[in-house]
Structure formats: structure tokens, C-alpha cells
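Understanding the architecture of this molecule
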Amino acid sequence: MKEKTDKIITYVGLGIAILCLVLAILFAMNNGSDVKTLADVREGGLFDTIYWILAAMVCLSIVAIIYFLCIKLADRFKNVPGYAKKFFIILGVVIVICLAAFLLAKGDDVTPALMEKSGTTEGTSKLIGAACILVYILVIGAAGCIIYSEVAKSLKKK
């Protein structure tokens, strides 16, 4: 029964993802074609409809991800010994990496003229810089993990 439920959930999730992809493509194709001003966007039409359907689908996807994550975490905390310890160690490492990225961000990457023109504050600029640094750290970490796993796998075969 559980396998059947998992299959159904997988297919529904895949269907939602495909629908989001189609709506995103329609949204991107229509974006800017007949929209000249913000008032044109507010008038509605296909652009407005696709935007709100896409926003609802993204929100639904986020809620589903959080819901199933909580279910899986609760199941693993209950059934896998030592999982809570590993989970909180990993959570701590992620928090430390995020704090390091925030502390490394300068916040003065954007010129004051551009900050004034776009309405960006120094705090927002610092958050954007921290997000960029976090992405760099995660990409380098992922590449390192891929290289390590491939090298370990090739050494294990010998």
C-alpha cells in the first residue's frame, strides 16, 4: 500500500512540476511582448492569469515539500537510531556556513548612485553579497564531494 501511495504522490508531483514548467514557459514567452508599462501588467490578460497560477503552483510546491520533509524527518527521528544527532550536526554546519557567508559579505559592492536609483539599502546589498558567497561555497563544496566520491569509487574498484 505504501509503495502505491508513494507512486501516486510521485506522479502527482511530476504532473505539478510539468504544469509549472509549461506555465513558466508561457509566462516567459508573453513577458514583454504586449506589456509596455506596469499599468499594462495590472490590466490582466494572459500575463496576469499565468502569473497568479504560477505563483499558486510554486506556493503549493513549497508547502508540499515542507510537509513531506516534516513527515520524513519525524519518521527517521523515530525509527533510525542516532539520526537526530546527525541531523542537528548537519543543521549546525549549514548555519555556520550561512553565518560565515554573511560575515564575509561586504555590503558595498554596489555604487551609492546605483543603490539610490534602485532603492537598495546597504543591508540588502550585504544580504545579496552573502547569498552570492553562499552559492559559491555550496558549488565548490558540491564539486568537491563529486570529485571525492568519484576518486573513492575508482580506488575502491582496484
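All values reported here derive from a predicted model rather than from experimental measurement. Throughout, a residue's number is its position along its own chain's written sequence, starting from 1. Per-residue local features of the predicted model are confined to residues with pLDDT of at least 70, and side-chain atom pairs are confined, for both listing and counting, to 80 or more; whole-chain, interface and lining totals are unaffected and use all residues. The side-chain numbers reported here are obtained from all heavy atoms of the structure, hydrogens and water having been left aside.

1. A closer look at the overall build of the chain
By the criteria applied, helices consist of DSSP H or I runs no shorter than four residues and strands consist of E runs no shorter than two, each listed in order from the N terminus. Scanning the chain from N- to C-terminus turns up six helices and zero strands. Across the chain, helices and strands are ordered from the amino to the carboxyl terminus as α-α-α-α-α-α. Here, residues are in contact when the closest pair of their heavy atoms is within 4.5 Å. Within the chain, contacts between residues at least 6 apart in sequence are counted, and of these 52% link residues at least 24 apart. Using a 1.4 Å probe, accessible areas were evaluated by the Shrake-Rupley method; residue-level cover was limited to the displayed protein chains. As displayed, the chain offers around 12700 Å² of accessible surface, 73% of which is attributable to carbon and sulfur atoms.

2. Quick notes on the nonpolar core
With five residues, the main nonpolar core is built from Cys 20, Leu 23, Ile 50, Leu 54 and Met 57. For this core, the secondary structure elements donating two or more residues are helix H1 (2-30) and helix H3 (46-79). If you tally residues by element for this core, the top one is H3, at three residues. Buried residues of nine kinds, namely Ala, Val, Leu, Ile, Met, Phe, Trp, Tyr and Cys, make up a nonpolar core once their side-chain atoms join them within 4.5 Å. Buried residues are those whose accessible area, probed at 1.4 Å on protein chains only, stays under 20% of the maximum for their type, while exposed residues exceed 50% and partly exposed ones sit between those limits.

3. Description of the side chain of Ser 125
Structurally, the position occupied by Ser 125 is in helix H6 (residues 122-157). Contact partners of Ser 125, with chain neighbours within four places excluded, come to Gly 107, Asp 108, Asp 109, Val 110, Met 115 and Thr 120.

4. What to know about the packing of helix H4 (residues 83-104) against H6
Angle between the axes and distance between the axes are the two parameters that describe a pair of packed helices. At a minimum axis distance of 8 Å, the contact between H4 and H6 shows a crossing angle of 130°. If you check the angle between H4 and H6, you find them oblique. Crossing angle aside, the handedness with which H4 passes H6 is right-handed. For the pair H4 and H6, the contacting residues are Ile 97, Cys 98, Ala 101, Phe 102 and Leu 104 in the first and Lys 126, Leu 127, Ala 130, Ile 133, Leu 134 and Ile 137 in the second. A per-class count over the contact of H4 with H6 returns 10 nonpolar, no polar and one charged. Only C-alpha atoms enter the line fits that serve as axes; for helices the fit covers just the stretch in contact. Angles between N-to-C directions range over 0 to 180 degrees. Note on angle classes: values under 35 degrees are labelled roughly parallel, values over 145 roughly antiparallel, values of 65 to 115 roughly perpendicular, and the remainder oblique. If you view the pair so one helix is near and one far, a crossing is left-handed when the near helix is turned anticlockwise from the far one by less than a right angle, and right-handed when it is turned clockwise. Gly falls in the polar group here, along with every residue not listed as nonpolar (Ala, Val, Leu, Ile, Met, Phe, Trp, Tyr, Cys, Pro) or charged (Asp, Glu, Lys, Arg).

5. Description of the pattern of salt bridges
Should a side-chain nitrogen of Lys or Arg be within 4 Å of a carboxyl oxygen of Asp or Glu, the pair is scored as a salt bridge. Scanning the entire structure with this criterion turns up one salt bridge. With a shortest N-O distance of 3.6 Å, Lys 153 and Glu 150 are connected by a salt bridge. Placement of both Lys 153 and Glu 150 in helix H6 is noted, with a separation of three residues, approximately one turn of the helix. In this structure Lys 153 comes out as partly exposed when scored by relative accessible area, which is 44%. Residue Glu 150 is classed as partly exposed on the basis of its relative accessible area, which comes to 43%.

6. Considering H6
With 36 residues, H6 ought to run about 52 Å at 1.5 Å a step, and its terminal C-alpha atoms sit 52 Å apart, in line with that. Along H6, the residues that are buried comprise Ser 125, Gly 129 and Ala 130. Helices are assigned an expected span. That span is 1.5 Å times one less than the residue count.

7. Some remarks on the packing of aromatic side chains
Any two of the Phe, Tyr and Trp rings considered here, Trp counted by its six-membered ring, make a pair once their centres fall within 6.5 Å; the pair's planes then place it as stacked at under 30 degrees, edge-to-face at over 60, or tilted in between. Across all of its chains, the model carries five aromatic pairs by this definition. Seen from their ring centres, Phe 77 and Phe 87 are 5.4 Å apart, and the 80° between their planes marks the pair as edge-to-face. A residue pair is termed long-range when its members are at least 10 positions apart, and Phe 77 in helix H3 and Phe 87 in helix H4 qualify at 10 residues. Residue classification places Phe 77 among the partly exposed positions, given a relative accessible area of 34%. Here Phe 87 falls in the partly exposed class, since its relative accessible area comes to 24%.

8. Examining a nonpolar patch on the surface
Residues form patches when they are more than 30% accessible in relative terms and have no salt bridge. Like charges link within 9 Å. Nonpolar side chains (Val, Leu, Ile, Met, Phe, Trp, Tyr) link within 5 Å. A surface patch of nonpolar side chains, about 490 Å² in accessible area, is lined by Tyr 11, Leu 14, Ile 18, Val 22 and Leu 26. Residue placement: Leu 26 occurs in helix H1.

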